[in-house]
Amino acid sequence: MRQSGRNAQRHTHPLWDSPDPRPATGDRRPGPTSRDDRWPGNEGGKRRRSLCLGALMALAMLMAFPGLAHARGGPNASASPAPGTLVGHGGPVRAVRFDPARRRLLTCSFDYSMLYWDPFADPPRRLRRFGDYEGAVNAVAFLPDGKRALSAGDDGRVYLHDLEDGKLILRLKGHTGKIVSLAVSPDGRTAASASWDRTVRLWDLEKGAPGPVLRGHRGPVNAVAFSRDGSAVFTAGYDGTIRLWSSSTGDQLRIVYKHGWGINVLERLPRIEGVTTGGQLLFGALDGTAGIVDVATGKRIRTLKKHEGPVLALALIDKPGLAATGGGDGVIRVYRIGDWARLEEHHNPYGPIWAMAFAKRGSRIYYGGLDDFVTLWQVSPRKPFERVASRYPRRFQVGKSSAPSLGERQFARKCSICHTLTRDGKNRAGPTLHGLFGRKAGSLPGYPYSKALKESGIVWTEETVRKLFALGPEHYTPGSKMPLQKITDTKARDALIRFLKTATAPVAAAAPDPGKPEPGKAAQ
Amino acid sequence: MARMKFLCDAERCIECNACVTACKNENEVPWGINRRRVVTINDGEPGERSLSVACMHCSDPPCLAVCPVDVFYQTEEGVVLHSKDLCIGCGYCFYACPFGAPQFPQVGNFGSRGKMDKCTFCAGGPEENHSAAEFKKYGRNRLAEGKLPLCAEMCATKALLAGDGDVVSDIYRERVVQRGFGSGAWGWGRAYPGPQG
């Protein structure tokens, strides 16, 4: 556990104590407005210096014992979560969304799953796991009723789930590439999905039928948002354009804005009385630019502070009117919508920020990235010391010096993103390799194998594992969920197999797992 | 050993797209993607500039840091290459790259698992030099032939420079002395930070 040394430095614009561009309404947060009341430990607005002792100690340990962090469960395994951290995913987190009431949270991940959370329970409680996917899950969107949600990812399908009973209501097919963004119309009747197949598709959720296909982007489409009345759709993509489309016909109405550099994320700003009309867009681009575009004029009317890497996440909340940008540089910046004063800034030195969402009143942000968990950052009041639970190197980031043997390094760098070696599969995208040799392919109870693998008749031996990596899953286990991957270097492949023979043996794997078991996860 | 670098002089690029075409042709880049592209900023407005952009072969590549399956490696000349055998098409390198270099063809398992493709500095890949497998997966290995990337060789205005970083920076320095700094070499500082680059 460590403290972020660059955090907690900006306190010149607390959320509610500087001039508010809005007229006084009942929506304003009641309570004390004094900064000292709001920001304990920040008297007089003086800058604090966060301590880095945790990070230094961890670094010293890693330098002294390079193989320690990687041992069995991997570096992440020994991370104890900070309070409020949502632990449960088995891979990097690509999307985080609150329901309209901002009480429940959905997160989705590389681990082929979506998780439904009560983040305010102590500790945060995972309410349900959805695992109907055939690839990483990249995007999620609640319907206005807060009881159903859309999700989509690498398998190119849009899923509609009932969150209360966990049932899959719809599975919509059409895209030929991964889906990276979803939006739902304000009336909840239409969904939009943006894909790297260069199209956006609209879906009639009442009929469960496909709608217009929006073609025109000259590259992957990265983001989609509905207009305030639902009659139009905004899209943004790698070609650097923001486009406006009719949601009824699918016709492109015009190119709203050209940025040049690819645009990664896009959100329509909420309508806030006297501040915004609902006709402005917040975007983030791969060159680090984040800005506000006025739809009517097509002009960038405000440029926010540039990130030192691509902007990959945006978050908005209409009460009290905040926006946040997050980037590949691990930085989150919170702005007040209207005068765009920069209120707070948070640095996760191990970045990146791929997804984030404001909790009610904007007092917290939950964010995800390369870690297997979702981190809570308390925006207001800032904590004197902000713990960043991310660890470096992560289990798949070990270098040559961190892995004692070639085989172990092969496992860490090529397999550990999806597999564990212990009995606990830790919700990773693939099943645990514990007891692999001698096991029939597709036979481990509890893991949702593909039909193709279950019926393959393969028994895992040195020879069959060698064939799997020599030929690649697309040839040896066609139709399985395993990504296409070959290890053509025979020395590396043989070293991996030798390592797996030892590390997956039941007797060896019976050693205590340094990783903290996932709460509520039954051993497989 | 030379440290290979790209530099695009935004004062000279005229958006002719010859670099894009040269790369596409020389490396037989898969349909639907370009390893190099020309980005125009402030299009149609005062201050409009064009930049030829591809993988900059960064000194500390962010793509390498986020890749979950160890696809990337750097050659002794600083060229960032990747193994298409190992790539699982997750797209994390796309999110990390400040230049938008990684490209994903429209084919593959589930339509989305296409292997990542990007500029190789015309240096091939992990396969044997000049082998058919190398050409098919990564394109021409001009560096092994003693040649520089064709995009820069073809550039009519010499906006795009490629080669030994010391030589490239000397050329650019002379230009700056003659004309003043102007809009600069976008991305140079980001790709090659620090005094050693």
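Values in this document were obtained by computation on a predicted structure and should not be read as measured data.

Rules and cut-offs
Residues numbered from 1 in each chain as written. Chains lettered and ligands numbered in written order. Predicted model: local features only at pLDDT ≥ 70, side-chain atom pairs only at ≥ 80, totals over all residues. Heavy atoms only, no water. Helix = DSSP H or I, 4+ residues; strand = E, 2+ residues; numbered from the N terminus. Buried < 20%, exposed > 50% of the residue type's maximum accessible area, 1.4 Å probe, protein only. Contact = heavy atoms within 4.5 Å. Areas by Shrake-Rupley, 256 points an atom, 1.4 Å probe, with all protein chains shown as cover. Pairing = 2+ DSSP bridges. Axes fitted to C-alpha atoms, helices over the stretch in contact; angles between N-to-C directions. Salt bridge = Lys/Arg side-chain N within 4 Å of Asp/Glu carboxyl O. Buried area = accessible area lost by both parts, 1.4 Å probe. Polar contact = N/O pair within 3.5 Å; in protein donor to acceptor, adjacent residues only side chain to side chain. Nonpolar A, V, L, I, M, F, W, Y, C, P; charged D, E, K, R; others polar. Parallel < 35°, antiparallel > 145°, perpendicular 65-115°, else oblique. Phe/Tyr/Trp six-rings, centres within 6.5 Å; stacked < 30°, edge-to-face > 60°. Lys NZ or Arg CZ within 6 Å of the ring centre and 35° of its normal. pLDDT = per-residue confidence, 0-100.

Participant: Could you give an account of the overall build of chain A, naming the residues involved and the relevant values?
Facilitator: When its secondary structure is counted, chain A shows 8 helices and 30 strands. Per-residue burial for chain A yields a buried fraction of 60% across its 524 residues. Of all intrachain contacts in chain A linking residues separated by at least 6 positions in sequence, the fraction that spans at least 24 positions is 49%. Summed over its atoms, the accessible surface of chain A is roughly 20,200 Å², and 51% of this surface lies on carbon and sulfur atoms.

Participant: Quick rundown of the sheet that holds strand S13 (residues 199–204) of chain A? Include the residues and the values.
Facilitator: Residue and element names in this part refer to chain A. Reading across the sheet, the 4 strands line up as S11-S12-S13-S14 and stay open at both edges, with antiparallel pairing between neighbours. A single partner strand is all that each edge strand has here, and the edge strands are strand S11 (179–184) and strand S14 (209–215). Averaged over all neighbouring strand pairs, the angle between strand axes comes to 20°, with direction disregarded. The pairing of strand S12 (residues 190–195) with S13 spans 5 bridges and is classified as antiparallel. Across the sheet, Ala194 pairs through a bridge with Val200, a residue of S13.

Participant: Report on the sheet that holds strand S26 (residues 342–347) of chain A, specifying residues and quantitative values.
Facilitator: Residues and elements named next belong to chain A. Reading across from one edge, S23-S24-S25-S26 is the order of the 4 strands in this open sheet, with antiparallel pairing throughout. Strands with a single pairing partner mark the edges of an open sheet, and in this sheet they are strand S23 (311–317) and S26. If you compare each strand with its neighbour and ignore which way they point, the axes differ by 15° on average.

Participant: I'd love a proper account of helix H3 (residues 406–415) of chain A, names of residues and values included.
Facilitator: Across the 10 residues of H3 of chain A, 9 count as buried, placing the element largely inside the fold. Turning to H3 of chain A, the residues buried within the fold contact helix H7 (490–503) of chain A together with helix H2 (62–66) of chain B.

Participant: Please provide a residue-by-residue account of the pattern of salt bridges, values included.
Facilitator: Residues and elements named next belong to chain B. Tallied over the entire structure, the rule returns 38 salt bridges over all chains. Here Arg175 ties to Asp9 by a salt bridge, and the two come within 2.9 Å at their closest N and O atoms. Note that Arg175 is positioned in helix H6 (residues 165–179) and Asp9 in the loop between strand S1 (4–8) and helix H1 (18–27), a separation of 166 residues in sequence. For the residue pair Arg175 and Asp9, the accessibility class agrees, reading buried in each case. Across the salt bridge formed by Arg140 and Glu26, the nearest N and O atoms sit 3.6 Å from each other.

Participant: Describe in detail the pairing of strand S16 (residues 232–237) of chain A, supporting the description with residues and values.
Facilitator: Residues and elements named next belong to chain A. Across the 6 residues of S16, 6 count as buried, placing the element largely inside the fold. Residues of S16 alternate between two faces, with Ala232, Phe234 and Ala236 on one and Val233, Thr235 and Gly237 on the opposite face, all of them buried. As judged from the 5 bridges shared by strand S15 (residues 221–226) and S16, these two strands associate in the antiparallel manner. The residue of S16 that forms the bridge with Phe226 is Val233. The turn linking S15 back onto S16 is made up of 5 residues, and Gly230 within it adopts a positive phi angle of 80°. Looking at chain direction, S16 and strand S17 (residues 241–246) are connected through 5 bridges and run antiparallel. Bridged to Phe234 within S17 is Leu244. From the end of S16 to the start of S17, which pair antiparallel, there are 3 residues, and Gly240 there has a positive phi angle of about 80°.

Participant: Talk me through the interface of chain A and chain B; I want residue IDs and the actual numbers.
Facilitator: Taken together, the 47 residues of chain A in the interface contact 43 residues of chain B. Between chain A and chain B, the buried area comes to about 3,900 Å², and carbon and sulfur atoms account for 53% of it. At the junction of chain A with chain B, the criterion picks out 5 salt bridges. With its nearest N and O atoms 3.7 Å apart, the salt bridge here joins Arg409 of chain A to Asp70 of chain B. Where chain A meets chain B, there are 14 residue pairs in polar contact (both at pLDDT 80 or more). Looking at the side of chain A that touches chain B, the element that brings in the most residues is H3 of chain A, giving 3 residues. When grouped by side-chain class, the residues that make up the side of chain A that touches chain B number 18 nonpolar, 13 polar and 16 charged.

Participant: Quick rundown of the packing of H3 of chain A against H7 of chain A? Include the residues and the values.
Facilitator: Residue and element names in this part refer to chain A. H7 packs onto H3 with a crossing angle of 95° between their chain directions and a minimal axis gap of 7 Å. Our classification of the angle between H3 and H7 gives roughly perpendicular. The residues of H7 that touch H3, namely those facing Leu406, Gly407, Glu408, Gln410, Phe411 and Cys415, are Lys491, Ala492, Ala495, Leu496, Phe499 and Leu500. In the contact of H3 with H7, the residues fall into 8 nonpolar, 2 polar and 2 charged.

Participant: Which residues make up the packing of aromatic side chains, and what values do they have?
Facilitator: One pass over the full model with this rule turns up 19 aromatic pairs over all chains. Between the aromatic rings of Tyr238 of chain A and Phe94 of chain B, the centroid separation amounts to 5.6 Å while the plane-to-plane angle is 45°, which identifies the pairing as tilted. Residue Tyr238 of chain A is found in the loop between S16 and S17, and its partner Phe94 of chain B is found in helix H3 (residues 92–96); the two belong to separate chains. Judged on exposure class, the residue Tyr238 of chain A and its partner Phe94 of chain B are both buried. Clustering of aromatic rings is evident, with ring pairs tying together Phe110, Trp196, Tyr238 and Trp354 of chain A together with Tyr92, Phe94, Tyr95 and Phe104 of chain B. When the ring centre of Trp354 of chain A is taken as origin, the NZ or CZ atom of Arg94 of chain A, which lies over that ring, is 5.9 Å away.

Participant: Before we move on, could you go through the side chain of His89 of chain A and cite the residues and values that matter?
Facilitator: Residue and element names in this part refer to chain A. Examined against the element boundaries, His89 turns out to sit in the loop between strand S2 (86–87) and strand S3 (93–98). At 2.7 Å, the side chain of His89 and the side chain of Thr107 are in polar contact. Here the side chain of His89 touches Asp111 through a polar contact of 2.9 Å, side chain to side chain. If near-sequence neighbours (up to four positions away) are discounted, His89 is found in contact with Thr107, Cys108, Ser109, Asp111, Ser113, Met114, Leu115, Asp372, Lys426 and Asn427.

Participant: So, the confidence of the model for chain B: which residues are in play, and what are the values?
Facilitator: All names here are of chain B. Per-residue confidence for chain B averages 91 on the pLDDT scale, and 95% of its residues sit at or above 70. In the predicted structure, residues 108–112 sits below a pLDDT of 50 and forms 16 contacts with residues beyond four places in sequence or in another chain. Interface scoring of the predicted complex returns ipTM 0.93; its pTM is 0.86.

Participant: Break down unusual backbone geometry for me, with residues and values.
Facilitator: Here the amide bond leading from Gly351 of chain A into Pro352 of chain A is cis, since omega sits at -10°, within 30 degrees of zero. In this structure, Pro352 of chain A sits in the loop between S26 and strand S27 (355–358). For the peptide bond that leads from Ser380 of chain A to Pro381 of chain A, omega is -5°, which places it in the cis range. Considering the arrangement of structural elements, one finds Pro381 of chain A in the loop between strand S29 (373–378) and strand S30 (387–388). Backbone geometry at Asn42 of chain B places phi at a positive 55°, although glycine is not the residue there. Turning to its location among the elements, Asn42 of chain B is positioned in the loop between strand S2 (37–41) and strand S3 (49–53). A residue is classified by how much of its surface remains accessible, and Asn42 of chain B, at 38% relative accessible area, is partly exposed. The residue Lys158 of chain B is not glycine, and still its phi comes out positive at about 55°.

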